[in-house]
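One-letter residues, chain by chain:
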Amino acid sequence: MLKIGAGIYKDWRDRLTPQSYKADWTDALSYRVIPSTIEIFLNNLLPAIAFSQDLSNRTSYQYGINEILMSQGISGLLFGLAGYPLSIVGVSAPSCILCYTIYDIFVDKHTNTPKAKYNDGFEFFPFMFWVYFWTALCTCLSSVFNLLSFFQYVTVFPCDIFGLFINVVYVVKGCQLLGESFHKNDSINDVADGFGNITIALCMTFFGLLAKNITSTRLFNHKIRIVIKDYCIFLSVIFWSGVIHFGNAFKFVHFERLNISKSFKPTSHDRKSSWLAVKHDISAKYVFLALPFGIIVWILLFFDHNISSLMAQKREYKLKKKSMYNWDFCLLSVHTFLCGLLGLPAGHCLIPQSFIHTETLIVYKDAKKEKKTDIPGDSENIYISGVVEQRFTNFMQGLLMIICMCRPFLVCLNQIPQCVLSGLFFILGIGGIQGNAIIGRMTFLVSDYKAGPLKDVKMKKLFAFTMISVAFAVVEVLISQLNYISIAFPLILIISIIVTFFFKYGFTKEELEILDTKVVSRESIKNLLPENLHSY
């Protein structure tokens, strides 16, 4: 029988002892920490700005930039200080979908009042407090009762699907932001505005992707290529935000910008400057009606958070320090409860931000200088020697999120056009799609030169496996874009995990070693294995 709380206890013992905790801070004395902090801050901040705009529009300004910044700031500080430091927790497209779907179910967007059948004391933020209360309770109990042991069975199949889903949603979100720049499309000026925004977004995307992929070229030397890759996003945002002011080229083009509110104040006027969302006089009917919604949010967090965390700790990163999945998920329940209490959108471990965070901390070395001879021929003699595993970057990006709620920084954020946010979405989405295994298999199938492990898999089986993956990704994207039923998209992720148990009937063990391996090593997930949870 599994011991209650054994997984959490062992996570503490592995990672939160005074010696290991001190090492998490002293290991931050590395150059990699500087570009990593800048890049992960921007990669977390700018999508959050776009999400805040979308969430604000879809909930009649109940949420705004301050709520998103506060949520992401709390998560950065919380997980930087006490959680798994490489996991970037924040508000995502799925969590926004859940928020505005619940809003659409209960509230009339045109009048911002409860619909007729809920006009008996319903209030949105007190209701969301109870949704997140039930979610936090389920999340905490999942960790205490070792339910995360389920993730020992997770393979790369659902991870690849989820990664592709998130990246496609990023591209879709970028297109939606550009679509809004056409306004009502009533006049020639509206059309000019739209195409002006598209021009900036596509230029930023093109040059941003070129800069991000410069490490795969022979331009300059290795150190210069790494510097360009490290700072290209930061410089792109500044440059393309300024381009609209150069000369008279865009003088008559209207660029949509972020709506901002007072510093450190809630966006909604209904809240009367109070952050507390809970009310003691809410009807018991809505306390228990929040339960099924809380369970749906818990399902989202249970799968999305943990699968994202697994993806951020993949084998190829050569991580040396222990993971802490059980404690991390328990800590997420604290964050979820705080979000409910303060009227903020809840978050979870983010893709692609989490593995981008890990990748920005990778230390690359030159095989020739190190006299290594076992490096693959297509790696340009550069290999991964390790990752700077520390707490500073996560903590710092969370602190910067809170600082951005000050008025001068809100005004600065207001200067970033939405088309630049679209460009960033395209860079993140297309960059993720380029590295996705499903896309890699599709490319392999239509290539005239077959090389690598995939050539050992029969073409018919490879085609079938790839099409199954694509079908799941397409269905998940479609469901997430449909009103009301979009709240059910986590169920597709669950089904994709269940499907992996049946692959052994259609593929050989050798083929599955190539197509559907475990995401991380058994050593990395040792505190999720039942045989290690029978004692403290």
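What you are looking at is a predicted structure, and each value in this text was computed from that prediction instead of being measured.

Participant: Can you explain the overall build of the protein? Please cite residues and give values.
Facilitator: Across its full length, the protein carries 20 helices and six strands. In terms of overall dimensions, the protein is globule-like: its C-alpha atoms have a radius of gyration of 23 Å, near the 24 Å expected for 536 residues. Principal-axis analysis of the C-alpha atoms places the extent of the protein at approximately 65 × 65 × 50 Å. Counting over 536 residues, the protein shows a buried share of 55%. Looking at the protein alone, contacts between residues at least 24 apart form 82% of all its contacts between residues at least 6 apart. For the protein, the computed accessible surface area is about 23200 Å², with 66% contributed by carbon and sulfur atoms. Treating the 49 positive side-chain charges of the protein as one cloud and the 39 negative ones as another, the clouds have centres 4 Å apart.

Participant: Talk me through the packing of helix H3 (residues 33-58) against helix H16 (residues 418-434); I want residue IDs and the actual numbers.
Facilitator: The contact between H3 and H16 brings their axes to 10 Å, and the two run at 120°. With respect to each other, H3 and H16 are oriented oblique. For H3 against H16, the interelement crossing comes out left-handed. In contact with Leu42, Asn43, Leu46, Pro47, Ile49, Ala50, Phe51 and Gln53 of H3, H16 contributes Gln418, Leu421, Leu424, Phe425 and Leu428.

Participant: Lay out unusual backbone geometry with the relevant residues and their values.
Facilitator: Unlike most non-glycine residues, Ser60 shows phi in positive territory, near 55°. Mapped onto the secondary structure, Ser60 falls in the loop between H3 and helix H4 (65-82). Phi is positive for Lys318, close to 55°, though the residue is something other than glycine. Along the chain, Lys318 turns up in the loop between helix H10 (284-311) and helix H11 (325-342).

Participant: How would you explain H11 if you had to name every residue and give the values?
Facilitator: Under the 1.5 Å per step criterion, the end-to-end length of H11 is 26 Å for 18 residues, consistent within 8% with the ideal 26 Å. A large share of H11 lies buried, amounting to 14 of its 18 residues. Looking one or two places after H11, you find Gly343, whose phi comes out positive at around 70°.

Participant: Please give an account of the environment of Met405 that cites residues and values.
Facilitator: Residue placement: Met405 occurs in the loop between helix H14 (392-403) and helix H15 (407-414). Separated by 144 residues in sequence, Met405 and Ser261 place their C-alpha atoms 9.4 Å apart. The contact partners of Met405, leaving out residues within four places of it in the chain, are Asn66, Leu69, Met70, Ser263, Phe264, Trp275 and Leu410.

Participant: Pulling in residues and values, what's your account of the packing of aromatic side chains?
Facilitator: In total, this model carries 46 aromatic pairs according to the counting rule given. When the centroid spacing of 5.2 Å and the interplanar angle of 70° are considered together, the rings of Phe124 and Phe125 count as edge-to-face. Like Phe125, Phe124 is buried. Summarising the aromatic geometry, the rings of Trp134 and Phe288 are spaced 6.4 Å apart at their centres and angled 35° between planes, so their arrangement reads as tilted. Residue Trp134 is found in helix H6 (residues 124-144), and its partner Phe288 is found in helix H10; the two are separated by 154 residues along the sequence. Trp134 sits in the buried class, given a relative accessible area of 15%. By relative accessible area, which is 55% here, Phe288 ends up exposed. The residue whose ring lies beneath Arg58 is Tyr100, and the NZ or CZ to ring-centre distance is 4.3 Å. The cationic tip of Arg271 hangs over the ring face of Phe125; the distance from NZ or CZ to the ring centre is 4.4 Å.

Participant: So what's going on with the side chain of Asp160? Which residues, and what values?
Facilitator: Among the secondary structure elements, Asp160 is positioned in helix H7 (residues 156-180). Take Asp160: its relative accessible area is 14%, and that puts it in the buried class. Setting aside residues up to four positions removed in sequence, Asp160 forms contacts with Asn436, Ala437, Ile438 and Arg441.

Cut-offs applied
Residues numbered from 1 in each chain as written. Predicted model: local features only at pLDDT ≥ 70, side-chain atom pairs only at ≥ 80, totals over all residues. Heavy atoms only, no water. Helix = DSSP H or I, 4+ residues; strand = E, 2+ residues; numbered from the N terminus. Rg over C-alpha atoms; globule rule 2.2 N^0.38 Å. Buried < 20%, exposed > 50% of the residue type's maximum accessible area, 1.4 Å probe, protein only. Contact = heavy atoms within 4.5 Å. Areas by Shrake-Rupley, 256 points an atom, 1.4 Å probe, with all protein chains shown as cover. Lys, Arg positive; Asp, Glu negative; His and termini not counted. Charge placed at Lys NZ, Arg CZ, Asp CG, Glu CD. Axes fitted to C-alpha atoms, helices over the stretch in contact; angles between N-to-C directions. Parallel < 35°, antiparallel > 145°, perpendicular 65-115°, else oblique. Left-handed = near helix turned anticlockwise from the far one by under 90°. Expected span 1.5 Å × (residues − 1). Phe/Tyr/Trp six-rings, centres within 6.5 Å; stacked < 30°, edge-to-face > 60°. Lys NZ or Arg CZ within 6 Å of the ring centre and 35° of its normal.

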